[in-house]
Amino acid sequence: MTTSQASQANRRAMLDRLAELDAALDQARAGGGEKYVTRHHGRGKLLARERVELLLDRDSPFLELSPVAGWDTDFPVGGSVVTGIGVVEGVECLLIANDPTVRGGAVNPISLAKTRRAGDIALANRLPMVNLVESGGADLPSQADIFIPGGRVFRDLTRLSAARIPTVSVVFGNATAGGAYVPGMSDYTIMVRDRAKVFLAGPPLVKMATGEVTDDESLGGATMHATRSGLADYLAVDERDGLRLARQVIRRLNWRKQGPPPRTSVPAPPVYDPEDLLDVPSADLKVPFDPREVLARVLDGSEFDEFKPAYGTALVTGWGELHGYPVGVLANARGVLFSEEAQKAAQFIQLANAADTPLVFLQNTTGYMVGAEYEQGGIIKHGALMINAVSNSTVPHLTVNLGASYGAGNYGMCGRAYEPRFLFSWPNAKSAVMGPAQLAGTLSIVARQAALARGREYDEDSDAAMRMMVEQQIESQSGALFLSGKLYDDGVIDPRDTRTVLGLCLSAVHNGPISGADGFGVFRM
Ligand code: COA
């Protein structure tokens, strides 16, 4: 194949993956489906995404988080909540909006995982949080999976407050039982008149518990809370007024970002066209690509000052700026990480910490090199150096999986368990303990040895069937949508949006201080 034929094939494969992503996003945007959307509008109410849009500054971007969470599970794509980062009165806020068209906005395990992740992001990056509340509380059939872990949502709210990160709730409808603690634990609470209902128990349960006969409004109406209980700080006349009041509250927060401003307010766009990014990765993850092709379409002015370019060449390290923010970049160039790459990474991460510079990890790795020569050369201790540096580094980390993320390479390159501030995947990306063929082959060798040890004959036909089944299973569990469905990233993104997404994340992380580590664990030399 010529280079241009290969590029065209790559583009076609990527466009297919993007079409799958679009289909999943359409499912998320459809919420509970036409019937419930029509009913909701018919009641004169706004949808979750409409509430978000009206709250945000006009024409400002919204970085939706985990939009396809729940993909390929028993729950609706996106759960029953919309989360993301958007700008309100010039302040970047973490927004959480219940979707009342999905089973009354009841919280299922997917919505809970999204909400918890949103809480972590708000705390780590010092983002004021706005909850747009309308939820039937716990999704009762899945209560066993959400009741106990779900308590953390309320604890998170008050911990944000204690960290001087403001929390605001606007209640548009039902907020029953545990849900009542969302406005209860928020710094500021706004309730919509004749619509908000905030009580520990509704009239039927009260009658069951105490015999008292009462009504919704006396138990938890907005007017009652604004005039009697004091739970509502502001009484809105309707939904739009509630959103106006939320903007008013944010305007008066006197919010100041703690990180340094970008070095330039008019950053130079990349010289190379981001459109080309669709041509770069092959559908076959075994075909490597040069991450400099990506950096040339992501960094300001396509400028990248490479560090140690001639050493450990399977890992590219270097400095650049992204939307005016300085960054250090670590990017896999040829899949495997050797001892030299691991040592280079550990040194580079220390340099970034010494300079308070955020780090961007571009993953495309099949893991650390295996084999007697490499074990004897100390690949474990060198990988440990890199993992120590990544684990104890305190500058913000942003990770994008551009292709492969396998084995301990996922850890060294700041995978999910290493808590990057944000992690996104390209639609072609895959991640697993190892590739499907390697995993199935390993299982086969182990089973063959076990049979031989017991003196039994090995059944080649069932071995072949087992390998095929395992390969298919691992293949389907390694894909970007599957992993995003499990919230192992913050979203699958169009490669062409990489610069924009990273820019939004860098701006968000600068709400908090940017400060390198004073020390690391003991480096094994
Ligand atoms: N768990 C599971 N499913 C729920 C649910 C919950 N907490 N709340 C609502 N649903 C389901 C309903 O069964 C209904 O399903 P269906 O359309 O397949 O029949 C769908 O969500 C819509 O509910 P509906 O009552 O028609 O919507 P509504 O907008 O008129 O009212 C509520 C919404 C939330 C006010 C109302 O459903 C309600 O009171 N739910 C129970 C609230 C509660 O007591 N929760 C306990 C919290 S611990």
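Before reading on, note that the structure itself is shown above.
Bear in mind the structure is a predicted one, so any value in this text is a computation, not a measurement.

**Quick look at the nonpolar core**
One recurring pattern in soluble globular proteins is that nonpolar side chains are buried together.
Item 1. Of all hydrophobic cores here, the largest spans 67 residues; its most connected members are Ile85, Leu94, Val294, Leu362 and Phe422.
Item 2. Ala48, Val192, Leu243 and Leu245 belong to the second-largest nonpolar core, a separate cluster that totals 26 residues.

**Examining the packing of aromatic side chains**
Item 1. The final tally for this structure, using the stated rule, is six aromatic pairs.
Item 2. Taking 6.1 Å as the distance between ring centres and 55 degrees as the angle between the ring planes, the aromatic pair formed by phenylalanine 154 and tyrosine 181 counts as tilted. Taken together, the positions of phenylalanine 154 in helix H6 (residues 152–162) and tyrosine 181 in helix H7 (residues 181–185) put the pair 27 residues apart, joining distant regions of the chain.
Item 3. Judged by its relative accessible area of 39%, tyrosine 181 is partly exposed.
Item 4. Between phenylalanine 307 and phenylalanine 348 the ring centres are 5.6 Å apart and the planes differ by 35 degrees, which places this aromatic pair in the tilted class. Taken together, the residues span a long stretch of sequence, with phenylalanine 307 in strand E9 (residues 305–307) and phenylalanine 348 in helix H13 (residues 339–354) at a distance of 41 residues.
Item 5. Residue phenylalanine 307 is classed as buried on the basis of its relative accessible area, which comes to 18%.
Item 6. An aromatic cluster is built from Phe307, Trp319 and Phe348, whose rings are joined through pairwise contacts.
Item 7. Taking the ring centre of phenylalanine 172 as reference, the NZ or CZ of arginine 51 above it sits at 4.1 Å.
Item 8. When the ring centre of tyrosine 311 is taken as reference, the NZ or CZ atom of lysine 308 above it lies at 5.2 Å.

**Quick notes on the site of the ligand**
Item 1. The environment of the ligand is formed by 14 residues, the closest being Tyr36, Arg39, Arg43, Gly136 and Ala138.
Item 2. Between an oxygen atom of the ligand and a main-chain N or O atom of glycine 104, the distance comes to 3.5 Å.
Item 3. In isolation the ligand has 870 Å² of accessible area, and contact with the protein removes 56% of it.
Item 4. Of the residues belonging to the shell around the ligand, the class tally is six nonpolar, four polar and four charged.

**Details of the pattern of salt bridges**
Item 1. Applying the stated rule across the entire model yields 30 salt bridges.
Item 2. Sharing partners across several salt bridges, the network here consists of Arg11, Glu275, Asp279, Asp494 and Arg496.

**Looking at the packing of helix H3 (residues 48–55) against helix H11 (residues 239–251)**
Item 1. Direction vectors running N to C along H3 and H11 enclose 45 degrees, while the axes themselves pass 9 Å from each other. Here H11 runs oblique to H3, going by the angle between their axes. Handedness of the H3/H11 crossing: right-handed. Contacts between H3 and H11 involve Arg51, Leu54 and Leu55 from the former and Glu239, Arg240, Leu243, Ala246 and Arg247 from the latter.
Item 2. When its residues are assigned to classes, the contact of H3 with H11 shows four nonpolar, no polar and four charged.

**A few points about the side chain of threonine 399**
Item 1. With respect to the secondary-structure elements, threonine 399 resides in strand E14 (residues 397–406).
Item 2. A polar contact is formed between the side chain of threonine 399 and the backbone oxygen of cysteine 414, at a distance of 2.8 Å.
Item 3. When neighbours within four sequence positions are excluded, threonine 399 is seen to be in contact with Phe361, Gln363, Met413, Cys414, Pro420, Phe422, Leu423 and Phe424.

**Remarks on helix H20 (residues 498–509)**
Item 1. Across its 12 residues, H20 extends 16 Å between first and last C-alpha, which sits within 8% of the 16 Å expected from 1.5 Å per residue.
Item 2. Burial analysis of H20 places 10 of its 12 residues in the buried class, the great majority of the element.
Item 3. Among all positions of H20, only Thr498, Arg499, Val501, Leu502, Gly503, Cys505, Leu506, Ser507, Ala508 and Val509 are buried.

**Focus on the environment of glycine 202**
Item 1. Looking at the element boundaries, glycine 202 is found in the loop between strand E7 (197–199) and helix H8 (203–210).
Item 2. Overall, glycine 202 belongs to the buried group, its relative accessible area being 14%.
Item 3. Sequence-wise, glycine 202 and glutamine 473 are 271 residues apart; in three dimensions their C-alpha atoms are separated by 46 Å.

Scoring rules and cut-offs
- Numbers given for residues are sequential positions, taken from 1 along each chain in its written order.
- Confidence filtering applies because this is a predicted model: local features only for residues at pLDDT of at least 70, side-chain atom pairs given and counted only at 80 or more, and all residues used for totals across whole chains, interfaces and linings.
- Computation of side-chain values: all heavy atoms of the structure, hydrogens and water removed.
- Residues belong to a common nonpolar core when they are buried Ala, Val, Leu, Ile, Met, Phe, Trp, Tyr or Cys residues joined through side-chain atoms within 4.5 Å.
- Relative accessible area decides the class of each residue, using a 1.4 Å probe on protein chains only: under 20% of the type maximum gives buried, over 50% gives exposed, and in between gives partly exposed.
- Two rings from Phe, Tyr or Trp (for Trp, the six-membered ring) form a pair when their centres sit within 6.5 Å of each other. Planes less than 30 degrees apart are called stacked, planes more than 60 degrees apart edge-to-face, and all others tilted.
- Helix and strand labels come from DSSP, where a helix needs a run of H or I of at least four residues and a strand needs a run of E of at least two; each type is numbered from the N terminus.
- We call a charge positioned above a ring when the Lys NZ or Arg CZ atom is no farther than 6 Å from the ring centre and deviates by at most 35 degrees from the ring normal.
- Neighbouring residues are identified by heavy atoms, a residue being near a molecule or strand if any of them is within 4 Å of it.
- Under the rule applied, a polar contact is a pair of N or O atoms within 3.5 Å (in protein, one hydrogen donor and one hydrogen acceptor; residues adjacent in sequence only if both atoms are side-chain atoms).
- Under the convention used here, a 1.4 Å probe and the Shrake-Rupley method define accessible areas, while residue burial counts only the protein chains that appear.
- For this classification, Asp, Glu, Lys and Arg are treated as charged, while Ala, Val, Leu, Ile, Met, Phe, Trp, Tyr, Cys and Pro are nonpolar and the rest, including Gly, are polar.
- What makes a salt bridge here is a side-chain nitrogen of Lys or Arg within 4 Å of a carboxyl oxygen of Asp or Glu, nothing more.
- Each axis is a line fitted through C-alpha atoms, taken for helices only over the stretch in contact, and angles between the N-to-C directions span 0 to 180 degrees.
- Orientation labels follow simple angle bins: below 35 degrees gives roughly parallel, above 145 gives roughly antiparallel, 65 to 115 gives roughly perpendicular, and whatever is left gives oblique.
- With the far helix as reference, a near helix turned anticlockwise by less than a right angle produces a left-handed crossing, and one turned clockwise produces a right-handed crossing.
- Contacts between residues were defined by any pair of non-hydrogen atoms, one from each residue, lying within 4.5 Å.
- Under the convention used throughout, the expected extent of a helix is 1.5 Å for every residue step, that is, one less than its residue count.

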